[in-house]
Amino acid sequence: MHVSPFFRNLRTAYLAELDDMRQDSEGANVLDRRLAERRKEIGFLVAMLELSPEMVAVVLHKAFQFRSGPAMERLLACEAGNLTAWDSLSESIQIAPWAQATVQTLRKHPGGDNFLCVAAALEYMVGSSRHAGAQDSDEADDADEEHDDDRDAEDRQPLSADDLDDADAQTREDARADWAAEQGFDRKD
């Protein structure tokens, strides 16, 4: 199995977007409410399909049920300019009834079909245990090792969006700092 750098990078950004939407300033889980709000903004968001697909893809969070893992695995190996056609891919995906209108709205946009492939791939990676962990062998080996609970913040493993419900506040801050550092931002001390 191979995940292209295109999808590997988008997955990181997509998880960060979901993480940003997950909790309010008081720590309450508000993901469903924020997703509903974002879905109402689809008319505005279509302008961002190519520039920031991870910010738009969240409107389809949990909208897809995948019937063919191999079709999705082939898509994940593609680079941005060589994606599977949506008409072909959609045969292996069941779209939730609540998302049908959004998908039709997106298909009317010139880049909509390409975006739908990207959104489906992101959702597949987030929902697949095969893609839930790190993407390269070094990171996968590190994830398999057991670590002491009292390790310092620099040694903590980055979290996926699904891990955050049970993680403590400091670990979430560390994950945010790790992500920001990976994006080229300086760490706050």
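The paragraphs below set out a description of the structure included in this document. Only a predicted model underlies this, so the values are computations on that prediction, with no experimental measurement involved.

**Re the environment of Val103**
And then number 1: Within the fold, Val103 resides in helix α7 (residues 100-107).
And then number 2: In this structure Val103 comes out as buried when scored by relative accessible area, which is 2%.
And then number 3: Spatially, the C-alpha atom of Val103 lies 9.6 Å from that of Ala63, the residues being 40 residues apart in sequence.
And then number 4: Sequence-distant contacts of Val103, that is, excluding residues within four places in its chain, are made with Leu60, Ile95 and Leu116.

**Observations regarding the packing of aromatic side chains**
And then number 1: Under the criterion given, the structure shown has 4 aromatic pairs.
And then number 2: Here the aromatic rings of Phe6 and Phe7 are separated by 4.9 Å at their centres, their planes lie at 65°, and the arrangement is edge-to-face.
And then number 3: Centre to centre, the rings of Phe66 and Tyr124 are 5.3 Å apart; their planes meet at 80°, and the pair counts as edge-to-face. You can see Phe66 sitting in strand β1 (residues 64-66) and its partner Tyr124 sitting in helix α8 (residues 112-127), a full 58 residues away along the chain.

**Overview of the packing of helix α1 (residues 5-22) against helix α2 (residues 31-40)**
And then number 1: The geometry of α1 relative to α2 is characterised by a closest axis approach of 8 Å and an angle of 110° between their N-to-C directions. The orientation of α1 relative to α2 falls into the category roughly perpendicular. Every residue of α2 that contacts α1 at Glu17, Leu18, Asp20, Met21 and Arg22 is listed here: Leu31, Arg34, Leu35 and Arg38.

**Details of the nonpolar core**
In a soluble, globular protein the nonpolar side chains are often hidden away together inside.
And then number 1: In this structure, Phe7, Leu60, Trp86, Leu89 and Phe115 are the most contacted members of the largest nonpolar core, which totals 45 residues.
And then number 2: Among the elements that take part in this core, α8 stands out by supplying 11 residues, more than any other.
And then number 3: The residues touching Leu89, leaving out its near neighbours within four places in the chain, are Ala71, Met72, Leu75, Thr84, Cys117 and Ala120.

**As for unusual backbone geometry**
And then number 1: We note that Lys62 has phi near 70°; this positive angle belongs to a residue other than glycine.
And then number 2: By the element assignment, Lys62 lies in the loop between α4 (53-57) and β1.

**So, the pattern of salt bridges**
And then number 1: Enumeration according to the criterion identifies 5 salt bridges in this entry.
And then number 2: In this structure, Glu37 and Arg33 form a salt bridge, with 3.5 Å as the shortest nitrogen-oxygen distance. With Glu37 and Arg33 both in helix α2 and 4 residues apart, this pair spans about one turn of that helix.
And then number 3: The partner of Arg107 in a salt bridge is Asp87, and the shortest N-O contact between them spans 2.7 Å. Residue Arg107 is located in helix α7, and its partner Asp87 is located in helix α6 (residues 86-89); the two are separated by 20 residues in the primary sequence.
And then number 4: For Asp87, a relative accessible area of 48% corresponds to the partly exposed category.

Criteria and thresholds
- Residues numbered from 1 in each chain as written.
- Predicted model: local features only at pLDDT ≥ 70, side-chain atom pairs only at ≥ 80, totals over all residues.
- Heavy atoms only, no water.
- Helix = DSSP H or I, 4+ residues; strand = E, 2+ residues; numbered from the N terminus.
- Buried < 20%, exposed > 50% of the residue type's maximum accessible area, 1.4 Å probe, protein only.
- Contact = heavy atoms within 4.5 Å.
- Phe/Tyr/Trp six-rings, centres within 6.5 Å; stacked < 30°, edge-to-face > 60°.
- Axes fitted to C-alpha atoms, helices over the stretch in contact; angles between N-to-C directions.
- Parallel < 35°, antiparallel > 145°, perpendicular 65-115°, else oblique.
- Core = buried A, V, L, I, M, F, W, Y, C linked by side-chain atoms within 4.5 Å.
- Salt bridge = Lys/Arg side-chain N within 4 Å of Asp/Glu carboxyl O.

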